[in-house]
Amino acid sequence: HFFDFNAPGVTNVSLVELQLVIFVISVTVLILLANKNNKDQVEEFLETANRYNRSLFEELPMGLALCDMNGALVDINSAYASIIGRSIEETKDISYWDITPEEYSQQENEQLKRLEDSGRYGPYEKEYIHKDGQCIPVVLRGKLIVLGGVQYILSSVEDISEDKQVEEQLLATENRYRALFDSA
């Protein structure tokens, strides 16, 4: 009977009481509008943040991959696909295990155990199998993340081919100087 001013027992409604009721209704409407505007602002902020994060993911020069716990590649950036000589679409059709040489299986199991124990793995070196068959040296590190209640592995992958070539050249140069020094 709060808003029913013609109800039995309500005989004398003052102007102040009416103003109070109108005030309460107005405040309620303003709060509802503010919450809607706030909700719209929050949604706009989240959408902007999502676009920004996606842009970072896609444009970073370091390879990024999101895998499910079985090794299926769920999301990757172009840098990751480039490391293994594939397009993003081609890469999403293969699993992590398809590009990992068999000789790394023990090391992979150790890293998965580390991931299970600490929520992180790496950094560690290994090789990926490129589309043309060559092996590409990489450094990986990653962590467990949960999206929508599902666990995934987010990995960053760096192609260290150039570093390895420089290392080999330095070693070859060092060996030549040692040979010259030893023969002198």
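Details of the structure are given in the entry above.
Within each chain, residues carry numbers counting from 1 in the order of the written sequence. Confidence filtering applies because this is a predicted model: local features only for residues at pLDDT of at least 70, side-chain atom pairs given and counted only at 80 or more, and all residues used for totals across whole chains, interfaces and linings. Hydrogen atoms and water are omitted, and side-chain values are computed over all heavy atoms in the structure.

Here the focus is a negative patch on the surface. A patch is a set of surface residues, each over 30% in relative accessible area and not in a salt bridge, joined within 9 Å for like charges and within 5 Å for the nonpolar side chains Val, Leu, Ile, Met, Phe, Trp and Tyr. Throughout, the Shrake-Rupley method with a 1.4 Å probe supplies accessible areas, and for residues the shown protein chains are the sole cover considered. Salt-bridge detection follows one rule: a side-chain nitrogen of Lys or Arg within 4 Å of a carboxyl oxygen of Asp or Glu. Here the positive residues are Lys and Arg and the negative ones are Asp and Glu; neither His nor the chain ends is included. Charged side chains are reduced to one point each, which is NZ for Lys, CZ for Arg, CG for Asp and CD for Glu. Taken together, the side chains of E158, D159, E162 and D163 make up a negatively charged region of the molecular surface. For the negative patch, the secondary structure elements donating two or more residues are β5 (150–159) and α5 (161–183). Note on placement: D159 falls in strand β5. For every residue, the accessible area (1.4 Å probe, protein chains only) is compared with the maximum for its type, and the residue is labelled buried under 20%, exposed over 50%, or partly exposed between those bounds. By relative accessible area, D159 is classed as partly exposed at 36%. The way it works is that DSSP assigns letters per residue, a run of H or I at least four long becomes a helix, a run of E at least two long becomes a strand, and they are numbered from the N terminus.

On to the nonpolar core, then. Across soluble globular proteins, nonpolar side chains show a tendency to be buried alongside one another. By size, the foremost hydrophobic cluster in this structure holds 20 residues, and its most contacted members are Y80, Y128 and L140. Every element with two or more residues in this core is listed here: β1 (63–68), β2 (73–76), α2 (78–83), β3 (120–129), β4 (135–147) and β5. Throughout, nonpolar core names a set of buried Ala, Val, Leu, Ile, Met, Phe, Trp, Tyr and Cys residues whose side chains join them through atoms within 4.5 Å.

In summary, the pairing rule links any two rings of Phe, Tyr or Trp, Trp by its six-membered ring, whose centres are within 6.5 Å, and it sorts them by plane angle into stacked for under 30 degrees, edge-to-face for over 60 and tilted for everything else. Overall, the coordinates contain 4 aromatic pairs when judged by the stated rule. Pairing Y80 with Y128 gives two aromatic rings, centres 5.7 Å apart and planes at 70°, and the pair type is edge-to-face. On the criterion of sequence distance, the pair formed by Y80 in helix α2 and Y128 in strand β3 is long-range, its members being 48 residues apart. Here Y80 matches Y128 in class, with each residue buried. Both rings, one in Y121 and one in Y124, keep their centres 5.9 Å apart while their planes meet at 65°; by these two values the pair is edge-to-face.

In this scheme, strands are said to pair when DSSP sees at least two bridges between them. Judged by pairing direction, the sheet is antiparallel, and its 5 strands sit side by side in the order β2-β1-β5-β4-β3 without closing on themselves. The open sheet terminates on both sides in strands that have one partner only, identified here as β2 and β3. Strand-to-strand twist across the sheet, computed as the mean angle between neighbouring axes with direction ignored, equals 30°. In this structure, β4 lies alongside β5, joined through 10 bridges in antiparallel fashion. From the neighbouring strand, L147 faces β5, where its bridge partner is V150. Only C-alpha atoms enter the line fits that serve as axes; for helices the fit covers just the stretch in contact. Angles between N-to-C directions range over 0 to 180 degrees.

Remember that the coordinates give geometry; whether it matters functionally is a separate question.
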